[in-house]
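Notes for the structure review
The residues making up each chain are set out below.
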Amino acid sequence: ELFIDDLLIDRMTDVRLELHHPIPREIVLVHDQPWEGSGCGYHQVFQDEGRYRLYYRGWQIRVEGKKLTRPHIPVACYAESLDGIHWVKPQLGLIEFEGSKKNNIVWDGAGYEGHDLTPFIDTNPAASKEEKYKALAWAWQGSKGLRAFGSPDAIRWSFMDDGKAVMTKGAFDTQNIAFWDTLRKEYRAYIRDFHLHASNGENIRDVRTSTSKDFMNWTEPVMVSFPDVPDEPLYTNQVAPYYRAPHIFIGFPVRYSERAWDDHYKNLPRYEHRKGRTQGHVRYGSAITDTLFMSSRDGHSFKRWGESFLRPGPQHPNNWAYGDNYMAWHAVETASSIPGAPNEISLYASENYWTGKTSQLRRYSLRVDGFVSVAGPMKEGELLPLLFIFTGESLEINFATSAAGSIRIEVQNSAGS
């Protein structure tokens with residue numbers, strides 16, 4: 001159980017729920033190949049069969065004078081790692097790009113599905129070996145909507161549908177997420193659409209969810225709710241069951257902040273380049289993005305923190321533009337860089353998006369389960385959880401103190417004794 005919300009809490013005295021922030025680590029991947037470029041994004045990583053698998057969109061977007069150019073269509077690329085830190089781009093020999101198959105492309109997107117192919121391991125017991133891995137991806141052309149993909153080895157992909165999109169209601173120009181919900185015994189997808197803002201009547205980006213029993217027939221997407229927080233535009237969602245507590249969904253949505261263009265942008269890096277981006281649309285130069293944290297017990301209603309989980313951070317040219325700070329889907333466990341220390345969580349986020357000829361992926365670390373904690377000052381405080389029935393053999397509490405700090409545990413019965 002995680003203290004990501006107050007569901008398990010009866011009373012707190014002189015303590016509070018505190019959101020923690022991932023620590024920036026090394027650049028783990030630079031997208032510098034001809035089929036990659038500044039438009040790379042929508043990263044996705046998971047552990048599988050003794051390795052870490054990473055997928056991402058390969059794309060190039062350039063600002064040339066007053067024009068935005070895209071030399072090639074988006075392609076889906078693959079990298080892998082033994083430790084989650086050192087990554088290689090294998091030459092797969094599957095897809096031809098500019099006359100050669102010496103690349104790490106797994107799908108070239110004849111219908112532009114390379115825009116956001118986001119695979120997952122299908123843990124549905126009824127899943128066939130030929131479709132052990134599945135994905136949804138947005139088709140810009142032909143049968144517009146989300147297409148369904150399957151693969152026996154996570155490398156060779158083919159359509160599962162009959163040439164028609166399996167989901168057509170939604171905006172989809174984002175990273176479209178799907179997974180098998182082991183508790184509810186159904187597939188769940190999270191996509192993007194738009195709704196009218198209640199106060200100003202403007203269209204803003206939102207997150208919607210849909211379910212399916214067979215991955216082919218999906219319910220009409222419904223908007224997820226965020227009680228007691230402002231209605232803000234969210235670009236991606238990055239929702240998944242937390243691997244240590246699959247009854248809890250956690251997500252890292254990107255908050256999209258768009259402002260009017262003015263001279264204040266001269267205070268941000270690469271002003272001339274930023275101004276050039278406005279030739280395509282003013283928002284390409286004026287919008288700034290950061291990542292939030294949210295969690296849910298039912299997949300529909302989410303507690304979303306207003307403060308950033310991943311902030312742009314100290315100002316430099318690679319983190320203060322539209323498309324930066326997009327968190328990969330999803331968190332994975334890796335070894336600590338400190339010998340003898342416990343494992344940690346690794347998260348990955350994009351940098352240098354659309355600002356040159358390359359882009360990059362940075363790793364961040366967080367202690368295991370360390371998204372939110374019950375925190376208190378040196379002054380003594382108390383947390384009283386709701387009454388619960390314990391049926392295990394040992395009860396562990398994950399805590400940290402200073403050298404002078406301490407924690408005391410009291411067991412009470414239902415009468416408070």
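Now for a look at the structure at hand. As the structure is a prediction and not an experimental result, all values here were calculated from the model. (Residues numbered from 1 in each chain as written. Predicted model: local features only at pLDDT ≥ 70, side-chain atom pairs only at ≥ 80, totals over all residues. Heavy atoms only, no water.)

Counting residues in each nonpolar core, the largest one holds 30 residues, and the members touching the most others are L136, Y190, F215, W218 and F302. Mapped onto this core, the elements with two or more residues apiece are β12 (133-139), β13 (145-151), β15 (177-181) and β16 (186-196). By size, the runner-up hydrophobic cluster in this structure holds 24 residues, among which are L2, Y242, W305 and V372. (Core = buried A, V, L, I, M, F, W, Y, C linked by side-chain atoms within 4.5 Å. Buried < 20%, exposed > 50% of the residue type's maximum accessible area, 1.4 Å probe, protein only. Helix = DSSP H or I, 4+ residues; strand = E, 2+ residues; numbered from the N terminus.)

This part takes up the packing of aromatic side chains. If you walk through the whole model with that rule in mind, you get 33 aromatic pairs. Measuring from centroid to centroid gives 5.2 Å for F293 and F371, while their planes differ by 10°, and the two rings are stacked. Placement of the pair is F293 in the loop between β22 (288-291) and β23 (294-296) and F371 in the loop between β27 (359-367) and β28 (372-375), with a sequence separation of 78 residues. Look at F293 and you get buried, because its relative accessible area is 0%. Judged by relative accessible area, which is 0%, F371 ranks as buried. The aromatic ring of W305 is capped on one face by K303, whose charged end is 4.7 Å from the ring centroid. Lying across the ring of F226, R304 places its NZ or CZ 4.7 Å from the centre. (Phe/Tyr/Trp six-rings, centres within 6.5 Å; stacked < 30°, edge-to-face > 60°. Lys NZ or Arg CZ within 6 Å of the ring centre and 35° of its normal.)

Omega for the peptide link from W329 to H330 comes to 20°, which places this bond in the cis form. Note that H330 resides in the loop between β24 (302-304) and β25 (332-334). Here A154, not a glycine, exhibits a phi torsion of approximately 75°, which is positive. With respect to the element layout, A154 can be found in the loop between β13 and β14 (158-159). The exposure class assigned to A154 is buried, which follows from its relative accessible area of 0%. The backbone of D369 sits at a positive phi, close to 70°, despite the residue not being glycine. Since its relative accessible area comes to 13%, D369 is described here as buried.

Summarising the element assignment, D181 is placed in strand β15. On the basis of relative accessible area, D181 is assigned to the buried category, the value being 1%. Of the polar contacts made by the side chain of D181, one reaches the backbone nitrogen of L183; its length is 3.1 Å. Sequence-distant contacts of D181, defined by excluding residues within four places in its chain, comprise E186, R188 and F249. (Polar contact = N/O pair within 3.5 Å; in protein donor to acceptor, adjacent residues only side chain to side chain. Contact = heavy atoms within 4.5 Å.)

On their own, these measurements won't tell you what the molecule is for.
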